[in-house]
Amino acid sequence: LIIKMVQREQELPISNKLWLSVTQAAKLLGVEQKTIRRAIKAKEILYVVESNRYSLEMGSLLGWAHQSPRLKNKLAREGIGKFVKEWKEEFVRH
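Now for a quick tour of the structure. Computed from a predicted structure; not experimentally measured.

### Here's the deal with the overall build of the protein chain
Thought 1: If you tally the helices and strands in the protein chain, you get 5 helices and 5 strands.
Thought 2: The N-to-C order of helical and strand elements in the protein chain reads β-β-β-α-α-β-β-α-α-α.
Thought 3: Counting every position in the protein chain, which comprises 94 residues, the buried fraction comes to 35%.
Thought 4: Put simply, of all contacts in the protein chain between residues at least 6 apart along the chain, 57% involve residues at least 24 apart.
Thought 5: Accessible area of the protein chain: about 6600 Å², with a carbon and sulfur share of 48%.

Structure follows, in structure tokens:
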């Protein structure tokens, strides 16, 4: 079994990262699953496909969510952001 991680049309090596399902990612960020699926389609976040299921890399999700004021606000109000006082800079860099 070979798994490739895709981001913006390039293959990246798999490393020891935290992977989430689309459902978990949506709940974590406080958005709808269709919002996550649009980001996957646009290759805006790192993902792998295994057994016809997407697995999304958490750091990539957080970085993506911090790029848009609307997503950042949803993360803070409805997602995990309501439990986080300050984000590490490595996750909010663009």
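### Describing the packing of helix α1 (residues 22-29) against helix α3 (residues 58-65)
Thought 1: Put simply, α1 and α3 touch, their axes get as near as 11 Å, and they point 40° apart. If you check the angle between α1 and α3, you find them oblique. Judged by the twist between their axes, the crossing of α1 over α3 is right-handed. Listed contacts from α3 to Ala 25, Leu 28 and Leu 29 of α1 are Met 58, Leu 61, Leu 62, Trp 64 and Ala 65.
Thought 2: By residue class, the composition of the contact of α1 with α3 is 8 nonpolar, no polar and no charged.

### Some details on the side chain of Ser 60
Thought 1: Relative to the assigned elements, Ser 60 resides in helix α3.
Thought 2: Judged by its relative accessible area of 11%, Ser 60 falls in the buried class.
Thought 3: In this structure Ser 60 touches Glu 44, Ile 45 and Leu 46, once residues within four positions along its chain are discounted.

### Remarks on the nonpolar core
Thought 1: Counting residues in each nonpolar core, the largest one holds 20 residues, and the members touching the most others are Leu 29, Ile 36, Ile 40, Ile 45, Leu 56, Leu 61 and Trp 64.
Thought 2: Setting aside anything within four residues of it in sequence, one finds Ile 36 in contact with Val 22, Ala 25, Ala 26, Leu 29, Val 31, Ile 45, Leu 56, Leu 61 and Trp 64.

### Overview of α1
Thought 1: Those residues of α1 that fall on the buried side of the exposure criterion are Val 22, Ala 25, Ala 26, Leu 28 and Leu 29. End-on, the buried residues of α1 take up no more than an arc of 165°, which puts them together on one face.
Thought 2: Considering only its buried residues, α1 is in contact with β3 (19-20), α2 (33-41), β5 (53-57), α3 and α4 (69-78).
Thought 3: Immediately beyond the C-terminal end of α1, within one or two residues, lies Gly 30, with a positive phi of roughly 75°.

### Focus on the pairing of β5
Thought 1: Across 2 bridges, the pairing between β3 and β5 is antiparallel. Residue Trp 19 lies in a different strand from β5, and its bridge partner there is Glu 57.
Thought 2: In this sheet, β5 lies alongside strand β4 (residues 47-50) in antiparallel orientation, the contact comprising 4 bridges. Note on β5: the bridge partner recorded for Tyr 47 is Leu 56.
Thought 3: Remark: 2 residues form the turn of the hairpin made by β4 and β5, two consecutive strands paired antiparallel; Ser 51 in that turn has positive phi of roughly 55°.

Cut-off values and rules
- Residues numbered from 1 in each chain as written.
- Predicted model: local features only at pLDDT ≥ 70, side-chain atom pairs only at ≥ 80, totals over all residues.
- Heavy atoms only, no water.
- Helix = DSSP H or I, 4+ residues; strand = E, 2+ residues; numbered from the N terminus.
- Buried < 20%, exposed > 50% of the residue type's maximum accessible area, 1.4 Å probe, protein only.
- Contact = heavy atoms within 4.5 Å.
- Areas by Shrake-Rupley, 256 points an atom, 1.4 Å probe, with all protein chains shown as cover.
- Axes fitted to C-alpha atoms, helices over the stretch in contact; angles between N-to-C directions.
- Parallel < 35°, antiparallel > 145°, perpendicular 65-115°, else oblique.
- Left-handed = near helix turned anticlockwise from the far one by under 90°.
- Nonpolar A, V, L, I, M, F, W, Y, C, P; charged D, E, K, R; others polar.
- Core = buried A, V, L, I, M, F, W, Y, C linked by side-chain atoms within 4.5 Å.
- Arc of directions from axis to C-beta.
- Pairing = 2+ DSSP bridges.

In short, the description is geometric, and any link to function would need to be established separately.
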